[in-house]
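# Fold and geometry: a report
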Amino acid sequence: MGQYLVYLVEDEQNLSEVLKAYLEKEGWEVRVFNDGDAARDAIEDKPHLWILDIMLPGTDGYQLLKGIKENGDTPVIFISARDQDLDRVLGLEMGSDDYLAKPFLPQELIIRAKKLVNRVYGSTSQDQKKIDLNQYIIDPVGRTVVDSEVSDEEIVDLTTKEMDLILLLTGEIGKAFSREKIIEHVWGENYFGSERAVDDVVRRVRKKMPRIHLETLYGYGYRVLSS
């Protein structure tokens, strides 16, 4: 796993120091913020991962999450010691990618963080070759899609979830994926919401990549065909 930049927002100094140490053991670069206002000023930095406490001095975690998602689709893990069910639902509805209730073991955060960045940024293995499909050049390592029909430098602007979906479906051309499987891969096992979120992402991908044969399997899910 490559080096990632993680922004940790936690006002409990002892906890932030412990979590920082565990994250750095993974070879990741970690920047700690002890209040929400300082973190808000760093949103445009676009790290690979945000880990946010909800209750913070100044700008709270919900406001930070809103600002992060308005500025891109950087993955976010929410942590909170408040009403667990309410915070989890609100956080996921606002775009959080995962949720941890305090108290938790630092190792559990590491496991979830590693799983999330792997899902979002993929493996750095060199055996992941580029896929040429209907003049779209799909790069699983660089997480880019180039529309070569337009030019060799025309990047298709995809969100994180749109990219996750296209990498899943084009990784096994012709294979049918259920909505449940797509949700598990793109949103994660802790997703709380409607399966129709899959349909929304598919609709956006079809609009951005109209030459891709993304077939609907009614009552089941989707698959990508080679032509």
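Computed from a predicted model, the values in this text were never measured in an experiment.

A word on the layout of surface pockets. Estimates place the volume of the largest pocket at around 390 Å³. In terms of lining residues, the largest pocket is bounded by 19 residues, among which Asp73, Tyr121, Arg143, Leu158 and Thr160 are the most central. Of all elements in the fold, only helix 5 (106-121), strand 8 (144-147) and helix 6 (160-171) reach the threshold of two or more residues within the lining of the largest pocket. Per-class residue counts for the lining of the largest pocket are nine nonpolar, six polar and four charged.

Position of Asp139 relative to the elements: it lies in strand 7 (residues 136-139). Of the side chains with opposite charge, Lys130 comes closest to the buried, unpaired Asp139, at an N-O distance of 4.4 Å. Here Asp139 is in contact with Lys130 and Thr144, once residues within four sequence places are set aside.

Attention now goes to the packing of aromatic side chains. The final tally for this structure, using the stated rule, is five aromatic pairs. A ring pair is formed by Tyr62 and Phe78, whose centres lie 5.6 Å apart and whose planes are at 70°; its orientation type is edge-to-face. With Tyr62 in helix 3 (residues 61-70) and Phe78 in strand 4 (residues 76-80), this residue pair connects regions lying 16 residues apart in the sequence. Both residues of the pair, Tyr62 and Phe78, count as buried. One aromatic cluster in this structure is built from Tyr7, Phe33 and Trp50.

Cut-offs applied
Residues numbered from 1 in each chain as written. Predicted model: local features only at pLDDT ≥ 70, side-chain atom pairs only at ≥ 80, totals over all residues. Heavy atoms only, no water. 1 Å grid on protein atoms, 1.4 Å probe; cavity = no way out; pocket = protein on both sides within 12 Å on 5 of 7 lines; lining within 4 Å. Points joined across faces, edges and corners; volume = space filled by probe spheres on them. Helix = DSSP H or I, 4+ residues; strand = E, 2+ residues; numbered from the N terminus. Nonpolar A, V, L, I, M, F, W, Y, C, P; charged D, E, K, R; others polar. Buried < 20%, exposed > 50% of the residue type's maximum accessible area, 1.4 Å probe, protein only. Lys, Arg positive; Asp, Glu negative; His and termini not counted. Salt bridge = Lys/Arg side-chain N within 4 Å of Asp/Glu carboxyl O. Contact = heavy atoms within 4.5 Å. Phe/Tyr/Trp six-rings, centres within 6.5 Å; stacked < 30°, edge-to-face > 60°.

Geometry only, nothing functional implied.
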